[in-house]
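A closer look at the structure
The chain contents come next:
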Amino acid sequence: MDLSFVLSILVFSPLLGIIVLAFMPKTEEKSIKIVGFLATLPALIASVGLYLHYLWGKDLSDFDVAKEWITFGGLQGTEAGYWAVNYELGVSGLTMLLVVLTAVVATLAAIASIYIKKEWKGYFMLFLLLEIGMLGVFTAENLILFFLFFEITLIPTFFLIGKWGYFEKEKAAYSFLIYNGLGSAVLLIVIMILFAKTGTTNIEMLTGIMNDPNVPISGDLKLGLLIALLVAFGVKLPIFPLHNWMLRVHVQAPPSIVMIHSGILLKIGAYGLIRFGMGIFPEQFETLAVLLAILGVVNLLYGAFLAFIQTDFKMVLAYSSISHMGIVLIGLAAMNEAGVQGAIFQVVSHGLISALLFFLVGAFYERTDTSLLENLGGMAKGMPIASGFLLAGGLASLGLPGMSGFVSEFMAFLGLFEEMPWIAAVGCIGIIMTAVYLLRAVLGITYGQAHRDFTGVLDLKGVEFVPVLVLVALIVLIGVVPSVLSSPLQATLETIMLGLGG
Amino acid sequence: MSLEELTSYNWGIMTPEFIIVGVAALITILDLFMPKKQDRRILGWIGIAAIFAAMVSLAGMLGAAPDSILEDTFRLDSFGKAFKFLLLAGAALVLFLAVSYKADEGLEEYRGEFYYLFLTGLLGGMIMTSSGDLITLFIGLELLSISSYILAGIRKNNLQSNESAMKYVINGSIATAITLFGMSYVYGLTGSTNLLAIARTLQALADAQHAYLLGLAFIMIFVGLGFKLAAAPFHMWAPDVYQGAPTPVTAFLSVVSKTAGFVIVARIMISIFGVAATEGPGSIPILYNMQDYIAVIAAATMIIGNVVALRQSNIKRMFAYSSIAHAGYILVAFTTLSSNFFYTVWFYLLAYLFMNLGAFAIIQLVEAKTGSTKISDFAGLYRRSPVLAVAMGILLVALAGFPGTAGFIGKLNIFIGAFMGQEPHYVLASIMIATTVVSYFYYFGIMTQMFFRPAADDSKFTKIPVGIVVVLIVTVAASILFGVFPDIAIDFVNENFNHFSDFLQ
């Protein structure tokens, strides 16, 4: 059976929702929200379909699509296939997991959008556009297409933050736009240099060409390109000195968008480093490994220590994201199977955990109008169920065995201890700090001293249970049966390891 | 020249020009004999019809082999055809804006000029695209310039419009004089004004002393034409002129006039200095020797255009700087001179034509509604008219060069050109990308106004003139179409223009 249409439908299915929404009157709050939610479902179903396809032991390359799209230059007499940019989508084990993660988080974030108070029509149209961008980023098989989707995520996010965010929303939207704009500008330079030098942007072909010793591209240029990639994706991830924008976004954006932002958009940075950095420039990646490990530890510690002194729960989580992305870097820097696997696990696991925590932040804010730790004390009394889930999310985040966070941290550090024991040893302080700041914040909210009277505040109800239950279930599932992630990853990891020469 | 010789020419290749010149004359006469009270708008529609007729006749000549008449002074090659399409399309859209334009103090008394001067300006541009001689190039340039001078000052009771025309005339004449002085050096060295003859003489130039003289000529011509393109540091006139001129005229200057400017630069630079040897036959042409200078001007133009645009509070001034910046991007292609040079420039101008004219259509509409051109007038446009705001949003995103729009593909072409070849221009391309990011600030500044800010008054836009509707539909559709399926353009060029290979024959 020809399955090549599946990915196109998967990626562009939210478009249907946009079109339907365009013809709806903008005052129909309830039906707009329902349509917005329903429009995320086809992608979810299709992505689960991908996973099942894999489980049944079939080949993921069944889904590959390639159609002629753009020719550049149109130089007559050039080799066929070169200077052409095709419309190419495909999935591997790694990208399949990320697509599933994206579809799940997007659907749950659509549910979390019940908290949106105004202009639902515009909100959901942009939201769905953002989903198209995210799904496309992970399925694109060439760099130009990747870049196209990458930028498609930029514009809706700008508006979603700037219009539906909190007090300093416009400032947050601008710093998002400019930081990420610079990041993608650097990325575009890399892509265009690769394109001009090799005549293709297909990722697989590029990997082959760049690692062919006969191709006359100097090691210096490759190193330069890799460093540029590191900067480009370092903005997204974010890596330590480039993180300021992300704090603002986490605090100012509406919770449903932060779920997506923290859950998926940051992961594009990690994905880019793995797929392009490690995949296309393995040799140069090795020379930067120590630097990456140090950057990772800096991220981990910096995030953890600053999270400890924050007074706003959103800021705690924002710094916690920085800290956890440090673990991704640590895993990648190890450059062995355990490390890389740990990094990918961390990507998925943190996506789920931060989506859960930010959903709860939104739920609390909805009822109390605050996210300050001080004001939230003693929530366990008013909202026992929500507090219970918060505790679960916190424990997952600090890496309690049996939950997804533990597996990823354990493997990432296992990898790094093998290669650079000293750096890893320093990094371990971060793990302790993670427990300290998370417990401080979470316990402060649940059992801390109450400064306000929360009687009459309603607990989670109805549809709000869907996101928390789904997310907690997935977190525990990965923690208990890590093979749901590790077995699809096997093939991807082997390819990467082969490239690394190990 | 005998009569027989005159009739033996294949005058058919000038059909588009004849149509334009004929209709321009017709409108002039009609204007004289029309009753005073009669609405002159009909003349604008006749002008639009003429442009479409010219386009159709041009399309009929697509397959024809390059031909030239009048001793090579007028040649119709693929370069000429391709750029004539741009000029005609741009002028048609501008005329649609013009028939929808209403000035505060009324244009009734001189409405006729307002239409036929666009046509004569267009004619000047068309002659430039097809000229094979310095003299015809110059005549075309002057025809375009003088029409533009009058158009800029056509609101004769408006102070800003007067200032705008005055500045434009003075700056423009100086620039023309400098260009002409440069051309005289070329003539002095080669004894001919015919581009091909000049090229033949210069290819064989053996004396290095002559190369210096030519270098001087190059700089003077480039400086003079730099005024026309509004390239830094010769851009000062643009913001004032753009601000003061009526909006359709501003649109004309920023698109048609700019396209024509690049046409003449390409004609002179490539066919004269692109082949002129520096040290004897076969050595590097002067144009390549001068690459660094062009690069500096391109970089300065991009930086100044984009950075100064940040500080503008008037939307027309902002678009003046934005158009300076876009000229800078195109100059990058002139610097790098890749094998796809013509296509790159042609596509960028095509994309720019649609993006910019669409934006000007909305500016004109908002200006008519609020009576001023402050950026803050766009506040709350989304609430007042969601369709207009979204259309403007798409056009701005295209101008900023986001993927999925024609602006992005245009920029990619330029980048690829910059990174190809023996010496990739990393620095210049990096400046271009960095300044593009700077441009996000001001393009998104308008977005902020439109989507985030509350409106000063909530009145809706009713009765949008039909001309503006046409322009908006065409420009928004084209900005997206050429961004998603750019192969339409490249296939068109490949099929009809054979890679512009007949440019130098």
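Residues numbered from 1 in each chain as written. Chains lettered and ligands numbered in written order. Predicted model: local features only at pLDDT ≥ 70, side-chain atom pairs only at ≥ 80, totals over all residues. Heavy atoms only, no water.

**Let's talk about the overall build of chain A**
Threshold: In DSSP terms, a helix is any run of H or I states spanning at least four residues, a strand is any run of E spanning at least two, and both are numbered starting from the N terminus. C-alpha atoms define the radius of gyration, and 2.2 Å times the number of residues to the power 0.38 defines the globule rule. Only the protein chains shown count as cover for residues, and the accessible areas themselves come from Shrake-Rupley with a 1.4 Å probe. His is not counted, nor are the chain ends, whereas Lys and Arg count as positive and Asp and Glu as negative. By convention, charge coordinates are those of NZ in Lys, CZ in Arg, CG in Asp, or CD in Glu.
Scanning chain A from terminus to terminus reveals 21 helices and two strands. Against the compact-globule benchmark of 23 Å for 502 residues, chain A has a radius of gyration of 22 Å, which places it among compact chains. With the C-alpha coordinates aligned to their principal axes, the bounding extent of chain A is approximately 75 × 60 × 45 Å. Here chain A displays about 17,200 Å² of accessible surface, and carbon together with sulfur accounts for 68% of that area. One finds the centroid of the 23 positive side-chain charges in chain A at a distance of 14 Å from the centroid of its 32 negative side-chain charges.

**Details of the pattern of salt bridges**
Pairing of side chains with opposite charge becomes possible as their charged atoms draw close. This is how it is decided: Put simply, a salt bridge is a Lys or Arg side-chain nitrogen that is within 4 Å of an Asp or Glu carboxyl oxygen. Three labels apply to residues, based on accessible area from a 1.4 Å probe with only protein chains included: buried if under 20% of the type maximum, exposed if over 50%, partly exposed otherwise in between.
Within this structure, the stated rule accounts for 14 salt bridges over all chains. Between Lys 117 of chain A and Glu 366 of chain A there is a salt bridge whose closest N-O contact spans 3.1 Å. Within this pair, whereas Lys 117 of chain A is found in the loop between helix H3 (93-112) and helix H4 (120-139), its partner Glu 366 of chain A is found in helix H14 (residues 337-368), the two being separated by 249 residues in sequence. With relative accessibility at 56%, the residue Lys 117 of chain A sits in the exposed group. Across the pair Glu 163 of chain B and Lys 167 of chain B runs a salt bridge, and its minimum N-O distance is 2.8 Å. Residue Glu 163 of chain B and its partner Lys 167 of chain B are located together in helix H7 (residues 159-190), separated by four residues, close to a single helical turn. The class of Glu 163 of chain B is partly exposed, set by a relative accessible area of 39%. When salt bridges with common partners are traced through the structure, they connect Glu 163, Lys 167, Asp 240 and Arg 317 of chain B into a single cluster.

**Points about the pairing of strand S2 (residues 84-89) of chain A**
Each regular strand carries side chains that alternate between the two faces of the sheet. Residue and element names in this part refer to chain A. The condition that has to hold: Being paired, for any two strands, means DSSP has found at least two bridges between them.
Judged by how many residues are buried, S2 sits mostly within the fold: five of six residues are covered. The pairing of strand S1 (residues 65-71) with S2 spans five bridges and is classified as antiparallel. Note that in S2 the partner of Lys 67 across the bridge is Tyr 87.

**Some words on the domain arrangement of chain A**
Residue and element names in this part refer to chain A. Defined as follows: Here the limits of each domain have been adopted from an automatic or database domain assignment. Defined in terms of a 1.4 Å probe, buried area is the accessible area two parts forfeit on being brought together, summed over both. Polar contact is defined as a pair of N or O atoms within 3.5 Å, subject to the rule that within protein one atom must be able to donate a hydrogen and the other to accept it, and that residues adjacent in sequence are counted only when both atoms are side-chain atoms.
Along its sequence, chain A is carved into domain 1 (1-283) and domain 2 (288-502). Taken over C-alpha atoms, the centre of domain 1 sits 23 Å from the centre of domain 2. With both sides pooled, the region where domain 1 packs onto domain 2 buries about 4,000 Å², and carbon together with sulfur makes up 81% of that total. Of all residues in domain 1, the largest losses of buried area upon contact with domain 2 belong to Tyr 115, Phe 240 and Met 278, amounting jointly to 15% of the total for that side. Counting across the domain 1 and domain 2 interface gives one salt bridge. In this assembly, domain 1 and domain 2 are joined by 12 residue pairs in polar contact (both at pLDDT 80 or more).

**So, the interface of chain A and chain B**
Filter applied, for reference: The contact criterion used is simple: two residues touch if any of their non-hydrogen atoms lie within 4.5 Å.
Facing the 36 residues of chain A at the interface are 36 residues of chain B. The interface formed by chain A and chain B contains two salt bridges. Arg 453 of chain B is the partner of Glu 170 of chain A in a salt bridge, and the nearest nitrogen-oxygen pair spans 2.4 Å. Scanning the region where chain A abuts chain B turns up seven residue pairs in polar contact (both at pLDDT 80 or more).

**Quick word on the packing of aromatic side chains**
All names here are of chain B. The following threshold applies: Here a Phe, Tyr or Trp ring, Trp counted by its six-membered ring, pairs with any other such ring whose centre lies within 6.5 Å, and the pair is stacked when the planes are under 30 degrees apart, edge-to-face when over 60, and tilted otherwise.
Per the counting criterion, the structure on display carries 58 aromatic pairs over all chains. Taking the centre distance of 5.6 Å and the plane angle of 55 degrees together, the rings of Phe 319 and Phe 360 count as tilted. On the criterion of sequence distance, the pair formed by Phe 319 in helix H14 (residues 315-336) and Phe 360 in helix H15 (residues 341-370) is long-range, its members being 41 residues apart. You can call Phe 319 buried: its relative accessible area is 0%. For Phe 360, a relative accessible area of 0% translates into the label buried. A centroid spacing of 6.4 Å and a plane angle of 25 degrees characterise the contact between Trp 346 and Phe 492, whose relative ring orientation is stacked.

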